Amino acid sequence: MSFPSNHPSKQDFEDFHYKKDPWSTGRLDFHELVRGEIIKRVLKSLLEVTQRSKHLDIGSGEGSLLSRVKFCRQTIGLEISTRAIARAKLLDPDIKYFEVPSNKSRLNEIIPKSKYNLITIFETLYYLPDQRQKQLLQDAYDYLENNGILAVSVPITGASQY
């Protein structure tokens, strides 16, 4: 399925998640296992994990990656699709998810202001218009603990669809 524009709507995401795991990220093939393990090791090596460590993931999808890199005391995911959140909660009920309303664009309109040791935004930014991308990155920075890590991943242009 392709989206009708560069900036899909909430309904586009609901339609996209009608099929379980539309990106096939939950499959436990070699590529996904290695990718998850590399991300986990890199993030853990950069982050001083303590009993108080908190992780915020923006654009969690169905939670396949978030459940694999879970190592902080508190893990929170933000996602626009209610279908994706329902599937993510089945995968790992210990992760708390918040639905992102389509009419809200600031983090403080979605979740209470808090500081996180780790904030991840994987394969999400490109769905947003440029101005909202900048605002999201600024908001993420504002939610970041001193010496925290903001990890962002975007696909490589010309690569096969992920």
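Refer to the structure above for everything that follows.
Rules used in this analysis
- Residues numbered from 1 in each chain as written.
- Predicted model: local features only at pLDDT ≥ 70, side-chain atom pairs only at ≥ 80, totals over all residues.
- Heavy atoms only, no water.
- Pairing = 2+ DSSP bridges.
- Helix = DSSP H or I, 4+ residues; strand = E, 2+ residues; numbered from the N terminus.
- Axes fitted to C-alpha atoms, helices over the stretch in contact; angles between N-to-C directions.
- Contact = heavy atoms within 4.5 Å.
- Buried < 20%, exposed > 50% of the residue type's maximum accessible area, 1.4 Å probe, protein only.
- Polar contact = N/O pair within 3.5 Å; in protein donor to acceptor, adjacent residues only side chain to side chain.
- Core = buried A, V, L, I, M, F, W, Y, C linked by side-chain atoms within 4.5 Å.

Trainee: Is there a simple way to think about the sheet that holds strand β2 (residues 74-79) in this case?
Mentor: Pairing between the strands of a sheet is mediated by backbone hydrogen bonds and can be parallel or antiparallel. If you trace the 5 strands from one edge of the open sheet to the other, you get β3-β2-β1-β4-β5, paired in parallel fashion. Each edge of the open sheet is held by one strand with a lone partner, namely β3 (96-99) and β5 (144-153). Strand-to-strand twist of the sheet, defined as the mean angle between neighbouring strand axes without regard to direction, takes the value 20°. Pairing of β2 with β3 involves 4 bridges; the strand directions are parallel. Bridge pairing in β3 links Leu78 to Phe98. Running at roughly 175° to β3, helix α4 (residues 82-91) makes contact with β2 and β3 of the sheet. Set on the sheet, helix α5 (residues 130-143) makes contact with β1 (54-58), β4 (116-122) and β5; between it and β5 the angle comes to about 145°.

Trainee: What is the right way to look at the side chain of Ser114 in this model?
Mentor: Examined against the element boundaries, Ser114 turns out to sit in the loop between β3 and β4. Exposure remark for Ser114: the relative accessible area of 19% places this residue in the buried category. Here the side chain of Ser114 touches Lys54 through a polar contact of 2.3 Å, side chain to side chain. If sequence neighbours within four positions are ignored, Ser114 has contacts with Lys54 and Tyr143.

Trainee: What is the right way to look at the nonpolar core in this model?
Mentor: Considering soluble globular proteins, one finds that nonpolar side chains tend to be buried as a cluster. Ranked by internal contacts, the top residues of the largest apolar core, which has 18 residues, are Leu56, Ile58, Leu78 and Ile119. Once residues within four sequence positions are removed from consideration, Leu78 is found in contact with Leu56, Asp57, Ile58, Gly59, Ser60, Phe98, Val100, Leu107, Ile110 and Ile111. Grouped together as the second largest cluster of nonpolar side chains are 11 residues, Val69, Phe71, Leu118 and Ile149 included.

Trainee: Any chance you could explain unusual backbone geometry here in plain terms?
Mentor: When glycine is set aside, most residues are seen to have a negative phi, and most peptide bonds are trans. The phi torsion at Glu123 lies on the positive side, around 50°, for a residue other than glycine. Tracing the chain through its elements places Glu123 in the loop between β4 and α5. The class of Glu123 is buried, set by a relative accessible area of 12%. Notably, Asn147 is not glycine yet its phi reads approximately 65°, a positive angle. By the secondary structure assignment, Asn147 is in strand β5. Look at Asn147 and you get exposed, because its relative accessible area is 79%.

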